[in-house]
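What follows is the residue order along each chain.
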Amino acid sequence: SQELEQSPQSLIVQEGKNLTINCTSSKTLYGLYWYKQKYGEGLIFLMMLQKGGEEKSHEKITAKLDEKKQQSSLHITASQPSHAGIYLCGASPGGSQGNLIFGKGTKLSVKP
Amino acid sequence: DTGVSQNPRHKITKRGQNVTFRCDPISEHNRLYWYRQTLGQGPEFLTYFQNEAQLEKSRLLSDRFSAERPKGSFSTLEIQRTEQGDSAMYLCASSWTIYGYTFGSGTRLTVV
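Residues numbered from 1 in each chain as written. Chains lettered and ligands numbered in written order. Predicted model: local features only at pLDDT ≥ 70, side-chain atom pairs only at ≥ 80, totals over all residues. Heavy atoms only, no water.

Once that is clear, we can look at the overall build of chain B. In terms of regular secondary structure, chain B is built from 0 helices and 11 strands. Counting helices and strands in the order they occur from the N terminus, chain B gives β-β-β-β-β-β-β-β-β-β-β. Computed over C-alpha atoms, the radius of gyration of chain B comes to 13 Å, within 12% of the 13 Å expected from 2.2 N^0.38 for 112 residues, which places it in the range of a compact globule. Based on the C-alpha atoms only, the size of chain B along its principal axes is roughly 35 × 25 × 25 Å. Across the 112 residues that make up chain B, the buried fraction comes to 46%. Taking all contacts inside chain B whose residues are at least 6 apart in sequence as the whole, residues at least 24 apart take part in 52%. Accessible surface, chain B: about 5,600 Å² in total, of which carbon and sulfur atoms supply 45%. In chain B, the 14 positive side-chain charges and the 11 negative ones have mean positions that sit 6 Å from each other. (Helix = DSSP H or I, 4+ residues; strand = E, 2+ residues; numbered from the N terminus. Rg over C-alpha atoms; globule rule 2.2 N^0.38 Å. Buried < 20%, exposed > 50% of the residue type's maximum accessible area, 1.4 Å probe, protein only. Contact = heavy atoms within 4.5 Å. Areas by Shrake-Rupley, 256 points an atom, 1.4 Å probe, with all protein chains shown as cover. Lys, Arg positive; Asp, Glu negative; His and termini not counted. Charge placed at Lys NZ, Arg CZ, Asp CG, Glu CD.)

In structure tokens form, the structure reads like this:
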């Protein structure tokens, strides 16, 4: 079965600093999703990547999928307290009906 | 369109009691998913509906769990004879295709 491993598990950064979160899959990714979750709340969709080498940006967040489609990174530029939360990567296992598997998440804290 | 709505937001129940959660998806979405999330973990897939048909169930969905989606609109997830291990956040998501999920805010269940 496919597994997603996220690193680091947690991250504390000073406001204004850049940071990167990684998501590595045990199998080829056919659709890679990034979500953000505030504690005790639902998941907020950030971006979806499908093609090898694809890169998408929204405001100060950039996500990339490597050429081999087994690793993705999420980069935040000039972090702000509003970026704090849990970042989750999710993927559709091959042959699934659209259900996703998720990594365990990366908890981001931003110090003002 | 008010997004995916889940009720209640929080539920505290005694061990052995039955509980039912409701999910109202985005009206034009024909796919509906239930996930369970425990502390420090990513969401885990439970079951999936396309319209009113339940097409996939995870091994996690024991005999005490049942989900319905009458008329292909809202869905309910019932847990019978709750156990402490059922304490978790139950998340509902809907989509029009196999991509582009929208998650609800979840129902947090605490079994005491």
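Take the layout of surface pockets next. Within this model, the largest pocket holds a volume of roughly 1,200 Å³. Put simply, the parts of the chain that give the lining of the largest pocket at least two residues each are strand 1 (4–7), strand 10 (101–102) and strand 11 (106–111) of chain A together with strand 5 (44–50), strand 6 (53–57) and strand 9 (88–95) of chain B. The greatest single-element share of the lining of the largest pocket, amounting to 3 residues, is contributed by strand 1 of chain A. Among the residues forming the lining of the largest pocket, the class breakdown is 14 nonpolar, 19 polar and 11 charged. (1 Å grid on protein atoms, 1.4 Å probe; cavity = no way out; pocket = protein on both sides within 12 Å on 5 of 7 lines; lining within 4 Å. Points joined across faces, edges and corners; volume = space filled by probe spheres on them. Nonpolar A, V, L, I, M, F, W, Y, C, P; charged D, E, K, R; others polar.)

Our next topic: the nonpolar core. Residues and elements named next belong to chain A. Residues Leu19, Leu32, Trp34, Leu74, Tyr87 and Leu108 are the most contacted members of the largest nonpolar core, which totals 22 residues. Listing elements by their share of this core, those giving two or more residues are strand 2 (10–14), strand 3 (19–25), strand 4 (32–37), strand 5 (43–49), strand 7 (61–65), strand 8 (71–76), strand 9 (85–91) and strand 11. Among residues more than four places away in sequence, those in contact with leucine 74 are Leu19, Thr20, Ile21, Trp34, Leu46, Met47, Ile61, Thr62, Ala63 and Tyr87. (Core = buried A, V, L, I, M, F, W, Y, C linked by side-chain atoms within 4.5 Å.)

To continue, consider the environment of lysine 14 of chain B. All names here are of chain B. As for its position among the elements, lysine 14 is in the loop between strand 2 (10–13) and strand 3 (19–24). Taking C-alpha positions, lysine 14 is 24 Å from proline 43, a pair spaced 29 residues apart along the chain. Setting aside chain neighbours within four positions, we find lysine 14 in contact with Thr82, Val111 and Val112.

With that out of the way, let us pick up the pairing of strand 4 (residues 31–37) of chain B. Residue and element names in this part refer to chain B. Most of strand 4 sits out of view: 7 of its 7 residues are buried. Along strand 4, one buried face is formed by Arg31, Tyr33, Tyr35 and Gln37 and the opposite face, lined by Leu32, Trp34 and Arg36, is buried too. Note: strand 4 against strand 5, 6 bridges, orientation antiparallel. Bridging from a neighbouring strand, tyrosine 35 pairs with phenylalanine 45 of strand 5. Both strand 4 and strand 9 contribute to a ladder of 7 bridges, which runs antiparallel. Considered in strand 9, the bridge of glutamine 37 is made with methionine 89. (Pairing = 2+ DSSP bridges.)

Taken as a whole and judged by the stated rule, the model has 16 aromatic pairs over all chains. On the basis of an interplanar angle of 55° and a centroid distance of 6.0 Å, the ring pair of tyrosine 35 of chain A and phenylalanine 102 of chain A is categorised as tilted. Residue tyrosine 35 of chain A is located in strand 4, and its partner phenylalanine 102 of chain A is located in strand 10; the two are separated by 67 residues in the primary sequence. We note that tyrosine 35 of chain A, like phenylalanine 102 of chain A, is buried. Seen from their ring centres, phenylalanine 21 of chain B and tyrosine 90 of chain B are 5.3 Å apart, and the 40° between their planes marks the pair as tilted. (Phe/Tyr/Trp six-rings, centres within 6.5 Å; stacked < 30°, edge-to-face > 60°.)

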